[in-house]
Amino acid sequence: MSKRHPVVSVTGSSGAGTSTVKRAFEHIFKREGIVPAVVEGDSYHRYERGPMKEAMNAALAKGENFSHFGPEANLFDKLAELFQTYGETGSGQKRYYLHSVEEAAEHNARLGTNLEPGQFTPWETIPSGTDLLFYEGLHGGVQGEGYDVAGLADLLVGVVPVVNLEWIQKIARDNKERGYSAEATVDTILRRMPDYINHICPQFSRTDINFQRVSTVDTSNPFMIRDIPTPDESFVIIHFRKGAREKWGIDFAYLLDMIHDSFMSSPTSIVVNGGKMGFAMELILTPIIHRMIEEKKKLA
């Protein structure tokens, strides 16, 4: 970890809502005048879209497990290298995974390339002068043989819904954005399950703070529900890892006073209405980021 060049990592499973946390951080960065080096988790996948499908089909033909959740499909060592290099120097290598035609056009214009959706941009050096590294993706807290991404983050935030809600969100998103049937998405969920258990879930025991969304409406059979429960139809459990409260100066009395109808469900957890999730995130994370930047300035 590095106080001179802080690393902030947001980790969450597919469809978990990490984009909500990303927006909260964007608001904080803009309000506080902070310049982040933003890194997307997808850019540290091992394969582009076409080769990934080929590798997946080859694994299936052999009866082997293979998914975007596991180490075989990712560059965990390179991600750990980025965290370490940035922490030491304030720089490092990054690239972009092109999700759409719009993203491809943007980066082709910037780089003078002719890339298509599903491909990576070339590796490029993070410019000097950024205040911190901000990672958002699937694997911001992974650990394994030859890599320890979690141990290199100064602030590690987890975002995870209860599993039924996660499946509902994924089925709905895949249908709307990618045209997948519910049956196709269920096949993907089943194929990913071993990697989900072995490589995604353990991350949330290493995080400093977890935001877990819990539905307050019936989601007993997520494969038959087509409407994602709204924020007001859910609670968010905010859990602070042992030691995180002291490390970041978390004041539960202040949070309970500021967030209407919030309550504590354990000595380390506070529960808020789902509609207050973004507000609660900014309330909790702003002073933490501010403290990081102040320590960075002192060392500089």
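Look above for the structure.
Residues numbered from 1 in each chain as written. Predicted model: local features only at pLDDT ≥ 70, side-chain atom pairs only at ≥ 80, totals over all residues. Heavy atoms only, no water.

Student: Before we move on, could you go through the environment of aspartate 208 and cite the residues and values that matter?
Tutor: Relative to the elements of secondary structure, aspartate 208 occurs in the loop between helix H6 (182-200) and strand S9 (209-215). Residues aspartate 208 and tyrosine 86, spaced 122 residues apart in sequence, show a C-alpha to C-alpha distance of 20 Å. Engagement of the side chain of aspartate 208 in a polar contact is seen with the side chain of arginine 241, the distance being 2.7 Å. (Helix = DSSP H or I, 4+ residues; strand = E, 2+ residues; numbered from the N terminus. Polar contact = N/O pair within 3.5 Å; in protein donor to acceptor, adjacent residues only side chain to side chain.)

Student: Please set out the environment of alanine 182 residue by residue, giving values where relevant.
Tutor: Here alanine 182 lies in helix H6. Residue class for alanine 182 comes out buried when judged on its relative accessible area of 13%. Distance from alanine 182 to histidine 290, taken between C-alpha atoms, is 43 Å for residues 108 residues apart in sequence. (Buried < 20%, exposed > 50% of the residue type's maximum accessible area, 1.4 Å probe, protein only.)

Student: Describe the packing of aromatic side chains, naming the residues involved and giving the relevant values.
Tutor: For the structure on display, the rule yields twelve aromatic pairs. Grouped by ring-pair contacts, the aromatic residues Phe25, Phe29 and Phe134 constitute a single cluster. Here the basic side chain of arginine 95 rests over the ring of phenylalanine 120, its NZ or CZ set 3.6 Å away from the ring centre. Above the face of the phenylalanine 69 ring, arginine 192 is positioned so that its terminal group lies 4.6 Å from the ring centre. (Phe/Tyr/Trp six-rings, centres within 6.5 Å; stacked < 30°, edge-to-face > 60°. Lys NZ or Arg CZ within 6 Å of the ring centre and 35° of its normal.)

Student: Give me the lowdown on the environment of isoleucine 189, citing residues and values where you can.
Tutor: By secondary structure assignment, the location of isoleucine 189 is in helix H6. Isoleucine 189 gets classed as buried once you look at its relative accessible area, which sits at 7%. Distance from isoleucine 189 to glutamate 26, taken between C-alpha atoms, is 30 Å for residues 163 residues apart in sequence. With residues near it in sequence (within four places) discarded, isoleucine 189 still touches Trp167, Lys170 and Phe223. (Contact = heavy atoms within 4.5 Å.)

Student: Tell me about the pattern of salt bridges, and name the residues and values.
Tutor: Under the counting rule described, the total for this entry stands at six salt bridges. As a salt-bridge pair, glutamate 294 and lysine 297 come within 3.9 Å of each other at their nearest N and O atoms. One end of the pair is glutamate 294 and the other is lysine 297, both in helix H9 (residues 277-299) and three residues apart, which spans about a single turn. The exposure class of lysine 297 is exposed, given its relative accessible area of 54%. Each of the salt bridges in this network shares a partner with another, and the network as a whole consists of Asp208, Arg241 and Lys247. (Salt bridge = Lys/Arg side-chain N within 4 Å of Asp/Glu carboxyl O.)

Student: Outline the nonpolar core, listing residues and values.
Tutor: Phe25, Leu155, Ile238, Phe240 and Ile289 are the most contacted members of the largest nonpolar core, which totals 36 residues. For this core, the element with the most residues is H9, which contributes ten residues. In this view, leucine 155 contacts Val7, Val8, Ser9, Phe25, Asp208, Trp248, Leu285, Ile288, Ile289 and Met292; residues no more than four positions away in its chain are not counted. Core analysis: the next-biggest nonpolar cluster, separate from the first, contains 20 residues, Leu79, Tyr86, Ile126 and Ala153 among them. (Core = buried A, V, L, I, M, F, W, Y, C linked by side-chain atoms within 4.5 Å.)

Student: Tell me what's going on with the pairing of strand S10 (residues 234-240), and back it up with residues and numbers.
Tutor: Burial along S10 is one-sided: the residues Ser234, Val236, Ile238 and Phe240 are buried and none of Phe235, Ile237 and His239 is. As judged from the seven bridges shared by S9 and S10, these two strands associate in the antiparallel manner. Across the sheet, serine 215 pairs through a bridge with serine 234, a residue of S10. The sheet contact formed by S10 and strand S12 (residues 269-273) spans five bridges and is antiparallel. Counterpart to phenylalanine 235 in the pairing with S12 is asparagine 273. (Pairing = 2+ DSSP bridges.)

Student: Can you break down a nonpolar patch on the surface residue by residue, with the values?
Tutor: A surface patch of nonpolar side chains, about 280 Å² in accessible area, is lined by Tyr254, Met258 and Phe279. Locating tyrosine 254 in the fold gives a position in helix H8 (residues 252-258). (Patch = residues over 30% accessible without salt bridge, like charges linked within 9 Å, V, L, I, M, F, W, Y side chains within 5 Å. Areas by Shrake-Rupley, 256 points an atom, 1.4 Å probe, with all protein chains shown as cover.)

Student: Kindly report on helix H2 (residues 49-61), identifying the contributing residues and their values.
Tutor: If you check H2, its first and last C-alpha atoms are 19 Å apart, about what 13 residues at 1.5 Å a residue would give, namely 18 Å. Considered for burial, the residues of H2 that qualify are Met52, Met56 and Ala59. Angular distribution of buried residues about the axis of H2 spans 65°; they occupy a single face of the element. For H2, the exposed residues lying more than 90 degrees away from the buried face are Lys53, Glu54, Asn57 and Ala61. The inward-facing, buried residues of H2 contact H6. After H2 finishes, the residue glycine 63 shows a positive phi value of roughly 75°. (Expected span 1.5 Å × (residues − 1). Arc of directions from axis to C-beta.)

By themselves these figures say nothing about function.
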